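Next come the chains, spelled out residue by residue.
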Amino acid sequence: MNKLGRALLATTALGAATVAYAAGIERRHWTLRTATVPVLAPGARPIRVLHISDLHMTPNQVSKQRWVASLADLNPDFVVNTGDNLAHKDAVPGVLRALGPLLDKPGVFVFGSNDYYAPRLKNPVRYLLPSSKTKRIHGVTLPWRDLRAGMIERGWLDLTHVRRKIEVAGQTIFAAGLDDPHLKRDRYADIAGEPDQSAALRLGVTHSPEPRVLDPFAADGYDFVMAGHTHGGQLRVPFYGALVTNCELDRGRARGVSRWGSHMWMNVSAGMGTSPYAPVRFCCPPEASLLTLVPRPVTPGQGRNEGVRFGAGADMM
């Protein structure tokens, strides 16, 4: 075999090994991302928030269901679910089984596109195009109303286009949420206005972190926004990061905590699932986030991540 043949064979073998790893190992490498974020009012006591997003659950994903349920052992004060829980019409029982122990905690949620519509097979090249240039392709309608009822019955609050005061660990969180901006279902006018200044935390919740909704949250004076949708890029290149975000957010903010403007912070979860038609993750393991919120400094720093402390996290198989 000549040099070209050996090179082609090696390249093919490397590609096959990468796909096998991305599909068979990393997409089930459940990971806890931790960070300490200075967003509370001065003098407030720390609040531990568990951020769950993008489960994309199918009925047979028992390992994922068990891992999500085990997160209750972290004993968070508050749980935020930023949508895309479903990937199959029969997945509602699996999602509620996974969330079961966490539903006993104070929690809020909004929905994403894959709560409303099942995924469909698509040309993967679409994900490399600007989000604004692609036409939405929806699958069958999913039983999101059943999922919503199950969450509400256990005490979680649906934040879709509402503003709520929530008592958490003896402190007040003022929270507002939007329907999915990726589907252009958001109506910020319904929640517009200055949030309660006496609250320990002023929290915005959205599925897709589109700049056009992040900007008004910041302008109204929210301290923190939580979102999902991006999957952290799902496929990341070492030393480069996410290839795409599947929305108008820049690649550098595809996952984790970052600053948005001079006052507001946000956390974008890389989520825990994939589409059944693209079951791979590379350099971007599925994750949940445990965020310790602490008081902000009297004079906040201006650096993008100044004041944030990231933990080593815990990887769980």
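Residues numbered from 1 in each chain as written. Predicted model: local features only at pLDDT ≥ 70, side-chain atom pairs only at ≥ 80, totals over all residues. Heavy atoms only, no water.

> I'd like a description of the packing of helix H2 (residues 62-70) against helix H3 (residues 92-99), backed by residues and values.
Viewed as axis vectors pointing N to C, H2 and H3 meet at an angle of 30 degrees, and their least axial separation amounts to 7 Å. Along the contact surface, H2 presents Gln65, Val68 and Ala69, while H3 presents Gly94, Arg97, Ala98 and Leu99. Looking at the contact of H2 with H3, its residues break down into four nonpolar, two polar and one charged. (Axes fitted to C-alpha atoms, helices over the stretch in contact; angles between N-to-C directions. Helix = DSSP H or I, 4+ residues; strand = E, 2+ residues; numbered from the N terminus. Contact = heavy atoms within 4.5 Å. Nonpolar A, V, L, I, M, F, W, Y, C, P; charged D, E, K, R; others polar.)

> Would you mind going over the pairing of strand E7 (residues 171-177) in detail, with residue names and values included?
Within E7, six of the seven residues are buried, leaving the element largely enclosed by the surrounding structure. The turn joining strand E6 (residues 163-168) and E7, which pair antiparallel and follow one another in sequence, is formed by two residues; a positive phi near 50 degrees is taken by alanine 169. Note that E7 and strand E8 (residues 201-205) share five bridges and pair parallel. Bridging across to E8, isoleucine 173 finds its partner in leucine 201. (Buried < 20%, exposed > 50% of the residue type's maximum accessible area, 1.4 Å probe, protein only. Pairing = 2+ DSSP bridges.)

> So what about unusual backbone geometry? Which residues, and what values?
Not every positive phi belongs to a glycine, and histidine 161 is a case in point at roughly 60 degrees. Structurally, the position occupied by histidine 161 is in the loop between strand E5 (157-158) and E6. The phi angle at histidine 231 is positive, at roughly 60 degrees, despite the residue not being glycine.

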